[in-house]
Amino acid sequence: MEAWIRQEYNIAAERMKKNGRYYTFIHKNQCYTVIPVYGRSEAELEELQKMSDYLISKGDMMVASFVQTKSGKLVAYYRNEQPIVIVRTPLLPYARNISVGRELAKFHQRGRTCPLPFVHCRRIGQWKELWGKRVDQMEGFWKNKMAMGMETMFDRLFVESFPYYLGLAENAIQYVADTELDVEPVGVDYATFCHERFSNAGWAEGKEQKLPTDWVYDHCARDLAEWVRHLYVQRQYDSAGEIRQFFRDYERHTPLSPFAWRLVYARLLFPLHYFECVEGYYMTGDEREKNQYVHALQSIIARSREYEQFLASFADIVGLSSRRLYLPKVDWLSYVL
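Residue numbers here run from 1 along each chain, matching the order of that chain's written sequence. Per-residue local features are limited, in this predicted model, to residues with pLDDT of at least 70; the limit for side-chain atom pairs, both in listing and counting, is 80 or more; totals at the level of whole chains, interfaces and linings are taken over all residues. Neither water nor hydrogens contribute to the side-chain values; these are computed over all heavy atoms in the structure.

A. Representation of the overall build of the chain within the structure. A count of helices and strands for the chain gives eleven helices and eight strands. A compact globule built from 337 residues would reach a C-alpha radius of gyration of about 20 Å, and the chain, at 21 Å, matches this within 12%. Taken along its principal axes, the extent of the C-alpha atoms in the chain is 65 × 50 × 35 Å. Buried residues are those whose accessible area, probed at 1.4 Å on protein chains only, stays under 20% of the maximum for their type, while exposed residues exceed 50% and partly exposed ones sit between those limits. The buried share among the 337 residues of the chain stands at 52%. A total of about 16700 Å² of accessible surface is found on the chain, and carbon and sulfur atoms cover 49% of it. Within the chain, the 43 negative side-chain charges are centred at a point lying 6 Å from the centre of the 44 positive side-chain charges. Numbering goes from the N terminus for both helices and strands, where a helix is a DSSP run of H or I of at least four residues and a strand is a run of E of at least two. What the globule rule says is 2.2 Å times the number of residues to the power 0.38, and the radius of gyration is computed from C-alpha atoms. Note on areas: Shrake-Rupley, 1.4 Å probe, and residue coverage restricted to the protein chains presented here. A residue counts as positive if it is Lys or Arg and as negative if it is Asp or Glu; His and the chain ends are not included. By convention, the charge on Lys lies at NZ, on Arg at CZ, on Asp at CG and on Glu at CD.

Below, the structure written as structure tokens:
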């Protein structure tokens with residue numbers, strides 16, 4: 001790949017190494033990151049470049065900027081098929097000296113102030129439709145599995161568990177719909193720069209720079225909920241204190257509205273970890289990865305009751321009741337505590 005980078009970018013990529021999710025190299029006091037961009041259109045990448053340029057103009061030195069090829073393009077094709085972008089940041093030590101919550105709040109606040117329009121990366125207001133489409137696709141796949149028969153342990157786990165998670169997903173979609181009808185959004189609810197999946201963004205744990213290829217244009221609740229989901233899945237009940245502190249740190253900089261809190265809860269209701277596990281298993285051809293997905297799904301199913309209890313107690317965990325903020329309950333979850 002080093003020779004290909006020199007040919008496409010006229011950059012000497014020496015001593016490449018894996019750092020976090022991607023390969024990186026140093027050139028002229030700049031850290032370069034090589035990122036595959038399957039599924040990202042040229043129009044999306046152009047918008048992500050504008051987001052990156054805007055944040056850099058606001059003084060965020062840890063945001064990576066896109067590097068164009070010698071022909072002035074954002075995307076190059078490695079071996080004529082793999083789409084690649086290269087981004088760079090100044091070679092500075094990355095030591096996060098403030099909390100994830102506070103740093104994320106600052107990131108969101110800068111994104112809200114950007115006056116540029118974003119169309120192709122826009123996800124705000126689309127959760128119901130996107131989730132509904134995802135649910136319909138998986139339900140069709142489930143029906144096919146029922147008709148064709150179960151060949152593996154994962155097939156059986158999926159077929160038996162899907163109706164439960166279908167119900168949970170439908171609750172989440174209805175929760176968003178009710179929120180949009182019942183509550184008026186305010187300034188904090190404007191679209192901002194978010195992460196497609198904040199739990200994957202290495203900067204939150206000091207492992208990577210802020211990579212624009214991770215971003216979408218959405219409501220801040222997206223990142224908040226996905227970080228909470230990450231903390232819970234990793235630590236279960238030991239996560240309560242960390243989740244509480246995360247929101248405290250965020251709200252010291254940017255207080256959340258009732259609309260935002262309800263979207264956070266709706267997103268936690270949607271069983272994204274289940275959907276990603278099932279999709280990951282059926283999309284991979286690697287047997288080792290398939291085994292990992294089997295164990296992951298077994299764990300998700302085994303802990304479903306615990307997750308119900310977490311959802312039922314979420315308002316208490318984050319201290320909403322003491323602040324007289326009302327988070328509507330899902331009726332059937334009231335019986336699990």
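B. Representation of the side chain of His-27 in the model. In this fold, His-27 is placed in strand S2 (residues 22-27). If sequence neighbours within four positions are ignored, His-27 has contacts with Ile-11, Ala-12 and Tyr-32. Residues count as neighbours in contact if any of their non-hydrogen atoms are within 4.5 Å of one another.

C. Structural view of the pattern of salt bridges. Only one rule defines a salt bridge in this text: a Lys or Arg side-chain nitrogen within 4 Å of an Asp or Glu carboxyl oxygen. Applying the stated criterion to the full structure yields 20 salt bridges. Between Arg-40 and Glu-196 there is a salt bridge, with its nearest N and O atoms 3.6 Å apart. Linking Arg-40 in the loop between strand S3 (30-36) and helix H2 (42-57) with Glu-196 in the loop between strand S7 (192-195) and strand S8 (215-218), this pair joins segments that are 156 residues apart in sequence. Under the relative-accessibility criterion, Arg-40 is labelled buried at 15%. For Glu-196, a relative accessible area of 37% puts it in the partly exposed group.

D. The nonpolar core, seen in detail. In this description, a nonpolar core means a group of buried Ala, Val, Leu, Ile, Met, Phe, Trp, Tyr and Cys residues linked to one another through side-chain atoms lying within 4.5 Å. If you look at the biggest cluster of nonpolar residues, it comprises 94 residues, and the most contacted ones within it are Phe-247, Tyr-274 and Phe-314. Lining this core are residues from two domains, each supplying at least three of them: domain 1 (1-93) and domain 2 (126-333). What Phe-247 contacts, discounting residues up to four positions off in sequence, is Leu-224, Val-228, Leu-256, Trp-261, Val-264, Phe-314 and Val-318. Residues Ile-11, Ala-13, Met-16 and Phe-25 belong to the second largest nonpolar core, which totals 14 residues. Where each domain starts and ends follows an automatic or database-derived domain assignment.

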